[in-house]
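Chain by chain, the residues:
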Amino acid sequence: MTKISEKRFAQICEGIARDRESIVKHNPLGSDEEVLLWMLLSVLITYLSLSELETPCFTGTPDSDTYKKAIEFILKDRRETDFDPGEHIDRMLSGMV
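Being a predicted model, the structure only gives us computed values, none of them experimental.

**Quick notes on the confidence of the model for the protein chain**
Inference 1: Overall, the prediction assigns the protein chain a mean pLDDT of 93, with 98% of residues at 70 or greater.
Inference 2: Taking the mean pLDDT of every element in the protein chain, the minimum, 93, falls on helix α2 (residues 20-26) and the maximum, 97, on helix α1 (residues 6-18).

**A short note on the packing of aromatic side chains**
Inference 1: As enumerated under the stated definition, the model contains two aromatic pairs in all.
Inference 2: Relative to F83, the ring of F9 has its centre 5.7 Å away and its plane inclined at 45°; by these criteria the two rings are tilted. On the criterion of sequence distance, the pair formed by F9 in helix α1 and F83 in the loop between α4 (64-75) and α5 (85-94) is long-range, its members being 74 residues apart.
Inference 3: Classification of F9 by relative accessible area gives buried; the value is 0%.
Inference 4: The exposure class assigned to F83 is buried, which follows from its relative accessible area of 5%.

**Considerations on unusual backbone geometry**
Inference 1: Phi at S49 is positive, roughly 55°, even though this residue is not glycine.
Inference 2: Residue placement: S49 occurs in the loop between α3 (32-47) and α4.

**Quick notes on a negative patch on the surface**
Inference 1: Residues E33, E72, D84 and D90 make up a contiguous surface patch of negative charge.
Inference 2: By secondary structure assignment, the location of D90 is in helix α5.

About the criteria used
Chains are numbered independently. Their residues run from 1 in the order of the written sequence. In keeping with the model being predicted, local features are shown solely for residues with a pLDDT of at least 70 and side-chain atom pairs are shown and tallied solely at 80 or more, while totals for entire chains, interfaces and linings include all residues. Here the side-chain values reflect all heavy atoms present in the structure, with hydrogen atoms and water set aside. The predictor's confidence in any single residue is recorded as pLDDT, a number from 0 to 100. Secondary structure elements are defined from DSSP: runs of H or I of at least 4 residues count as helices, runs of E of at least 2 residues count as strands, and each element is numbered from the N terminus. A pair of aromatic rings is counted whenever rings of Phe, Tyr or Trp (Trp by its six-membered ring) have centres within 6.5 Å, and the orientation is called stacked for planes under 30 degrees apart, edge-to-face for over 60 and tilted otherwise. Buried residues are those whose accessible area, probed at 1.4 Å on protein chains only, stays under 20% of the maximum for their type, while exposed residues exceed 50% and partly exposed ones sit between those limits. To count toward a patch, a residue needs a relative accessible area over 30% and no salt bridge; like charges are then connected within 9 Å, while nonpolar side chains (Val, Leu, Ile, Met, Phe, Trp, Tyr) are connected within 5 Å. Shrake-Rupley sampling with a 1.4 Å probe provides the accessible areas, and residues are treated as covered by the protein chains on show and by no other component. Whenever Lys or Arg places a side-chain nitrogen within 4 Å of a carboxyl oxygen from Asp or Glu, that contact is recorded as a salt bridge. In summary, the charge assignment counts Lys and Arg as positive and Asp and Glu as negative, without counting His or the chain termini. Charged groups are reduced to one reference atom each: NZ for lysine, CZ for arginine, CG for aspartic acid, CD for glutamic acid.

Given below as structure tokens:
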């Protein structure tokens, strides 16, 4: 199972924050926050090499909270060390990188 370090997770969040304008412009489905969280979830799925069985599925239309819960779920056993992904996510969403 591939794991992720806090440093690498922070780098991914920072990269998404830096590219925020372009990401939102080219993915106009949902709020800016939803689009950025969707992008983070997508990057993590690829980075962690999740199979279809490990990839979260959504019923209905996902919102920011749904994406945050999905991100926390896939990180649960895939962190190299215990860290709070919420602080990095909050920084990414606020644009404070």
